[in-house]
Amino acid sequence: MAKQEDQFKKVISHAKEYGYVFQSSEIYDGLSAVYDYAQNGIELKKNIRDYWWKAMVQLNENIVGLDSAIFMHPTTWKASGHVDAFNDPMIDNKDSKKRYRADVLVEDYVGKIDTKIEKEIKKAAKRFGEAFNEEEFVATNKRVLDYKAKQEQILKRLGESLTNEDLEDVKALIEELGIACPLSGSKNWTEVKQFNLMFGTKLGASADSAMDLYLRPETAQGIFVNFLNVQKTSRMKIPFGIAQTGKAFRNEIVARQFIFRMREFEQMEMQFFVRPGEQKKWYDTWKENRLNWHLSLGLGKENYRFHDHEKLAHYADAAADIEFKFPFGFKELEGIHSRTDFDLKAHEEHSGKKLQYFDNEINEKYTPYVVETSVGLDRLFLAIFSNSLQEETLEDGSERTVLRLPAVIAPYKAAVLPLVKKDGLPEIAHKIIDDLKFDFNVMYDEKDAIGRRYRRQDANGTPFCITVDHDTLNDNTVTIRHRDTMEQKRVPISELRSIIDDEVSMRKWLQKI
Ligand code: GAP
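Procedures and definitions
- Sequence order as written defines residue numbering, which begins from 1 separately in each chain.
- Given that the model is predicted, a residue must reach a pLDDT of at least 70 before its local features are reported, and side-chain atom pairs must reach 80 or more before they are shown or counted; all residues, however, enter totals for whole chains, interfaces and linings.
- Note that the side-chain values use all heavy atoms of the structure and ignore hydrogens as well as water.
- Those domain boundaries reflect an automatic or database domain assignment.
- In this analysis, two residues are considered to be in contact whenever any of their non-hydrogen atoms come within 4.5 Å of each other.
- A simple way to read buried area is as the amount of 1.4 Å-probe accessible surface that goes missing from two parts once joined, with both sides added.
- Note on definitions: salt bridges are taken to be side-chain nitrogens of Lys or Arg within 4 Å of carboxyl oxygens of Asp or Glu.
- Counting of polar contacts relies on pairs of N or O atoms within 3.5 Å, with two restrictions inside protein: one atom must be capable of donating a hydrogen and the other of accepting it, and residues adjacent in sequence are counted only when both atoms are side-chain atoms.
- In this classification, the charged set is Asp, Glu, Lys and Arg, the nonpolar set is Ala, Val, Leu, Ile, Met, Phe, Trp, Tyr, Cys and Pro, and all remaining amino acids, among them Gly, are polar.
- Here a residue is near a molecule or strand as soon as one of its heavy atoms is found within 4 Å of it.
- With residues, only the protein chains shown are counted as cover, and all accessible areas are computed by Shrake-Rupley using a 1.4 Å probe.
- Counting from the N terminus, the helices are DSSP H or I runs at least four residues long and the strands are E runs at least two residues long.
- Burial status follows relative accessibility: with a 1.4 Å probe on protein chains alone, a residue under 20% of its type maximum counts as buried, one over 50% as exposed, and anything between as partly exposed.
- Here the axes come from fitting lines to C-alpha atoms, over the contacting stretch only for helices, and the angles between their N-to-C directions go from 0 to 180 degrees.
- In this scheme the crossing of two helices becomes right-handed for a clockwise turn of the near helix relative to the far one and left-handed for an anticlockwise turn of less than a right angle.
- Positive: Lys, Arg. Negative: Asp, Glu. His and the chain ends are not part of the count.
- Two strands pair if DSSP finds at least two bridges between them.
- Residues enter patches when they are more than 30% accessible in relative terms and free of salt bridges; like-charged ones are connected within 9 Å and nonpolar ones (Val, Leu, Ile, Met, Phe, Trp, Tyr) within 5 Å.
- Taken as the charge centre is NZ of Lys, CZ of Arg, CG of Asp or CD of Glu, depending on the residue.

Engineer: Please clarify how the domain arrangement of the protein chain should be interpreted in this entry.
Structural biologist: The accessible area lost on association of the parts is a frequent measure of interface size. When its domains are assigned, the protein chain resolves into domain 1 (1-74 + 197-393), domain 2 (87-195) and domain 3 (402-510). Its C-alpha centre places domain 1 at a distance of 35 Å from the equivalent point of domain 3. Taken residue by residue, the interface counts 22 residues in domain 1 and 18 residues in domain 3. Each partner contributes to the roughly 1800 Å² buried at the junction of domain 1 and domain 3, and carbon and sulfur atoms together form 63% of this total. Of all residues in domain 1, N47, Y51 and S388 bury the most surface against domain 3, accounting for 25% of the area lost on that side. Scanning the region where domain 1 abuts domain 3 turns up one salt bridge. One salt bridge connects R404 with E392, and the closest N-O pair in it is separated by 2.1 Å. Linking domain 1 with domain 3 are 10 residue pairs in polar contact (both at pLDDT 80 or more), by the criterion used here. Classifying every residue of the side of domain 1 that touches domain 3 by side-chain character gives 12 nonpolar, six polar and four charged.

Engineer: Would you mind showing me how to read the site of the ligand here?
Structural biologist: With respect to spatial proximity, 21 residues lie near the ligand, and among them E218, E252, E269, E332 and L333 are the closest. Between a nitrogen atom of the ligand and a side-chain N or O atom of E372, the distance comes to 2.9 Å. Within the complex, the protein chains bury 93% of what would otherwise be the 560 Å² of accessible surface of the ligand. Secondary-structure elements contributing two or more residues to the shell around the ligand are β10 (264-274), β13 (329-340) and β16 (369-376). Along the lines of polarity and charge, the residues of the shell around the ligand split into six nonpolar, five polar and 10 charged.

Engineer: Teacher, can you tell me more about the environment of R143 here?
Structural biologist: By the secondary structure assignment, R143 is in helix α7 (residues 142-163). The exposure class of R143 is partly exposed, given its relative accessible area of 47%. Along the chain, R143 and Y51 lie 92 residues apart, while their C-alpha atoms are 43 Å from each other. With sequence-adjacent residues up to four places away left out, R143 is seen in contact with E120 and K123.

Engineer: Mind showing me how you'd approach the pattern of salt bridges here?
Structural biologist: Oppositely charged side chains are able to pair whenever their charged atoms sit close together. Throughout the structure, instances matching the rule amount to 46 salt bridges. D484 is the partner of R404 in a salt bridge, and the nearest nitrogen-oxygen pair spans 3.5 Å. Residue R404 is found in the loop between β18 (399-403) and β19 (414-418), and its partner D484 is found in the loop between β22 (477-482) and β23 (488-492); the two are separated by 80 residues along the sequence. Relative accessible area serves as the criterion here: at 24%, D484 is assigned to the partly exposed category. Beyond isolated ion pairs, a larger network of salt bridges with shared partners links E392, R400, R404, D458, R481, R483 and D484.

Engineer: Looking at this model, I keep getting lost on the packing of helix α5 (residues 102-128) against helix α8 (residues 167-176). Mind explaining?
Structural biologist: In a pair of packed helices, the angle between the axes and the distance between the axes together describe the arrangement. Running from N to C, α5 and α8 cross one another at 35°; their axes reach a closest spacing of 10 Å. The hand of the α5/α8 crossing is left-handed. Between α5, through A102, L105 and V106, and α8, the contact on the second element is made entirely by V170, L173 and I174. Partitioning the contact of α5 with α8 into residue classes produces six nonpolar, no polar and no charged.

Engineer: So what exactly am I meant to see when it comes to the side chain of D321 here?
Structural biologist: In this structure, D321 sits in strand β12 (residues 318-326). Put simply, D321 is tucked away with no salt bridge, and the nearest opposite charge, on R379, sits 7.5 Å away. In this structure the side chain of D321 is engaged in a polar contact, spanning 2.8 Å, whose partner is the side chain of H309. When sequence neighbours within four positions are dropped, the list of residues in contact with D321 reads R305, F306, H307, H309, E332, E334 and G335.

Engineer: When you look at the sheet that holds β16 in this model, what are you seeing that I'm missing?
Structural biologist: Sheets are built from strands that pair by backbone hydrogen bonding, the pairs being arranged parallel or antiparallel. Read across the sheet, seven strands follow the order β3-β9-β10-β16-β13-β12-β11 without closing on themselves; strand pairing throughout is mixed. For this open sheet the edge positions go to β3 (63-65) and β11 (304-308), each flanked by a neighbour on one side alone. The sheet shows a mean angle of 25° between the axes of neighbouring strands, taken without regard to direction. Sheet topology places strand β9 (residues 240-249) next to β10; 10 bridges connect them, and they run antiparallel. Along β10, the bridge assignment pairs K247 with E266.

Engineer: Hey, could you run me through a positive patch on the surface in this one?
Structural biologist: Residues K3, K116, K119, K122, K150 and K325 make up a contiguous surface patch of positive charge. It is α5 that provides the largest number of residues to the positive patch, a total of three residues. Relative to the assigned elements, K119 resides in helix α5. On the accessibility criterion, K119 (61% relative accessible area) is exposed.

Here's what the structure looks like:
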């Protein structure tokens, strides 16, 4: 546990030190759970967003984009159910005065059982050596099976209590499991209460004419209310999708874990409109598609898993999370939800306008069903960044910190380094940049000894370093060094573009999906 915490602290301080993520309003001691993306962070974030957008919109003939406003008519949120049901169950510890999400306390307890299971597996692997079969062990070992049964039983009870709004039972569960306040160790809890997560604001200047608004808690509703406008103007036929990226706001009770849970964050959502009755097929398809998209980034298959929901949101007939192994354990990264016709029907009812589609293949008019994919851009950033940050011991015994970001989304694709700041080498370096910059984000770096510059670029996540030295003056060649292998090659300047492109081209990465 301490190791996990140390690793996570390293992630946060590296993100700051290398210009990825800063605390918002830091000079005023910061604003809780609000963050700013710095010069490298914004490039990484933009590249992740582009990678998603290309995979969803550009590569799918039947998906189009949208950028709807953050402010929406307040009835939107009545119709969507957010005014009445977008709540988190919260509980306060009477001694530490700290507030927690009751369901998260229970889920964290269940997460700790995972650690116990992992310990059993490690112990057995040591005992059996080469003959160890993990799959068989997990499926048959009594202790592991007991742990799993306990996890299942707890989550089932939690799911049922939340679905039935039985908050007394949620508190009873916390007490029965002996869950203590992580800060104080105290088990002195208040009752569990519901807390609405939407931020309110006002539209208009004068107090009596001002209209109460909410900052959108999800981008999805902007897609629903535009469904018919987009369908008609794009002449899309069902099944088709609308994709959107943008800010969402939630007054999270427990806003910790850096950019994992923020009060202002960005979502990348896609609503796929389908014929009623076909939602299960599309739900399965999108679960698979989205997992494959994540896997294409190469962070390791073992770091992802599905978690099918026991407790379904008010709008869903099936839902699953793609979970990722963050430094603090497996947690939700993306949600895939079969939202039925709940949202479109609700907007029809509240607006009095029909949101129906005439399907001329079956000669029928209906309100489409919707399968949604929804991923947090900041959370994805954290998954990629934390997984990429690695410490290595090299052959000569020295240590290096390397940020092995997938090359396709790295903020800078190459750094051009003149060996010395004289003899015309900086001028050649700038000329190389002037050519490469039309295709790639490239940086110039002349400060410090070349070894230190390599290490700095490794820690910055830059896939290539290009060194201009005195031989370059004679033969127009440079040394290109690969971040991950540290291999160095002498190549003609004229080949740089294709060498870099080979590794970072979005086309090649997207073709892996
Ligand atoms: N439209 C469906 C929806 O919003 P959600 O499961 O509440 O579903 C989808 O959110 C995704 O948005 C999550 O899987 C997560 O990646 C991201 N997300 C949600 N709340 C967040 C927060 N407070 N901070 C950062 N990301 C968040």
